[in-house]
Amino acid sequence: MSTATAIAHPNIALVKYWGKSDATLNLPETGSLSLTLDVFPTTTTVTLDDALTADTLELDGLPAAGTPLDRVRRFLDLVRAQAGVATHARVVSRNTVPTGAGLASSASGFAALAAAASAAYGLPTDTVSLSRLARRGSGSASRSVLPALAVWHEGDDATSYAEPVTGPEIAMVVATVDAGPKAVSSREAMRRSAATSPYYPAWVTSTRETLEVALEACADDDFTALGRLAETNALRMHAAIQGCEPPVRYLAPASVALFDRVAALRAEGVDVWGTADAGPNVVAVCRPADAGRVADALADLAPVTVALPGPGVRLVEGAE
Ligand code: 2P0
């Protein structure tokens, strides 16, 4: 019985992915740039089983149904088609952060699933193949295949994958405002933004420009320029989201308070910038030497976790 286990970590984008050019192939409208973290790993085991008539999914110790199971089954259908193998599988996945908390559990989840499923079904496990495959499960998962800084290219099915980027030393202080599931999924809000937000075309144009400048800042080892671009890009994404009909708003009063605290720290001379994904949690982007001070300054507003650059996805020994 073929089985494989993989571990992947979430990533936080400095230049965000928000919108698709192709929903079936899961191609992004623009490229994006992220940091894979060293916290909150997902461990996933895929075990082929001839006795199964459908794939099963256990998520954090409980049998999963509904959307999570459907997404895993569709993903494994793709893997089976590529591998030419019909056998169904048992998938056991464990997150160290609550699923759907806005901390990119789908990124670590589908990166780990892509690696474990590729190994179990006999598909290639090189980084490009895994990144392309992980993209089909969840766009941001293409970046969690890579360690540390990674750029995920827009393009076509063959060329849209993530690659490593060399850049400045970065730490991230994750401030968890709300660990519960979000009211509107990022997939739905992304679709709604493209379909209804009058700011979406400007978001696409500006993000393409921002990504180019951000990659230059990485090449120049310019933390300050990269941090500033990241905060601007995040607020522009939320502006585009807030143009949706029916309305979507992810930032909460506590999120705004955290952005204000980050700005106050900057006024005190700390090189720190804010970002936020599709939820109320705020991530402070700073130099590693400042991470302790930043964490202390945010801790009365929300529980904080200090993260450093983390590893790419890896296959490990051991079964479920
Ligand atoms: C990002 N997010 O770049 C952006 C910023 C959330 C806000 O990628 O539909 O779960 O599965 O491809 O990857 C979240 O979107 O969306 C995301 P799908 P995904 O990190």
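Per chain, the residues get numbers from 1 upward, laid out in the order the sequence is written. Where local features are concerned, this predicted model is filtered to residues with pLDDT of at least 70; where side-chain atom pairs are given and counted, the filter is 80 or more; whole-chain, interface and lining totals use all residues. Hydrogens and waters are ignored; side-chain quantities use all the structure's heavy atoms.

Visitor: Looking at this structure, I do not really get the sheet that holds strand 10 (residues 149-152). What am I missing?
Guide: What links the strands of a sheet is backbone hydrogen bonding, and the strands pair in either a parallel or an antiparallel sense. Note: two strands are recorded as paired if DSSP finds a minimum of 2 bridges between them. Here a strand is any run of E in DSSP of at least two residues, a helix any run of H or I of at least four, and the numbering for each starts at the N terminus. Strand order in the open sheet formed by four strands is 2-5-10-11, with antiparallel pairing between adjacent strands. Either end of the sheet is taken by a strand with one partner, and the two such strands are strand 2 (11-15) and strand 11 (162-164). Each adjacent strand pair in this sheet contributes to an overall mean axis angle of 35 degrees, direction not counted. Where strand 2 lies against strand 5 (residues 32-36), four bridges are found, and the strand directions are antiparallel. Within strand 5, the position partnered with A13 by the bridge is S34. Note on contacts: a residue pair is in contact if any heavy atoms of the two residues lie within 4.5 Å. Fitting a line to C-alpha atoms yields each axis, with helices limited to the stretch in contact; the angle taken between N-to-C directions then spans 0 to 180 degrees. Here helix 7 (residues 223-241) sits on the sheet and contacts strand 2 and strand 5; the angle it forms with strand 2, its principal contact strand, is near 95 degrees.

Visitor: Looking at this structure, how should I read the packing of helix 1 (residues 66-83) against helix 3 (residues 127-137)?
Guide: Axis angle and axis distance: for two packed helices, these are the angle between their axes and the distance between the axes, and together they describe the pair. It is at 9 Å that the axes of helix 1 and helix 3 come closest, and there the two elements cross at 145 degrees. Taken as a pair, helix 1 and helix 3 cross one another with a handedness that is right-handed. Across from R71, F75, L78, V79 and Q82 in helix 1, the residues of helix 3 making contact are L133, A134, R136 and G137. Looking at the contact of helix 1 with helix 3, its residues break down into five nonpolar, two polar and two charged. Crossings are classed by handedness, with left-handed meaning an anticlockwise turn of the near helix from the far one by less than a right angle and right-handed meaning a clockwise turn. Note on residue classes: Ala, Val, Leu, Ile, Met, Phe, Trp, Tyr, Cys and Pro are nonpolar, Asp, Glu, Lys and Arg are charged, and everything else, Gly too, is polar.

Visitor: I'm lost on the sheet that holds strand 13 (residues 272-275) in this one. Help?
Guide: Here we have four strands laid out as an open sheet, ordered 13-14-12-15, and antiparallel in their pairing. Of all strands in the sheet, those with a lone pairing partner are strand 13 and strand 15 (304-307), marking the two edges. Along the sheet, successive strands turn relative to each other by an average axial angle of 25 degrees, direction set aside. Bridge count between strand 12 (residues 171-175) and strand 15: four bridges; the pairing is antiparallel. Bridge assignment links M172 to a residue of strand 15, and that residue is A307. Running over the sheet, helix 8 (residues 253-267) touches strand 12, strand 13 and strand 14 (282-286) and is turned about 165 degrees from strand 13. With respect to the sheet, helix 9 (residues 291-298) is in contact with strand 12, strand 13, strand 14 and strand 15, its orientation differing from that of strand 12 by roughly 15 degrees.

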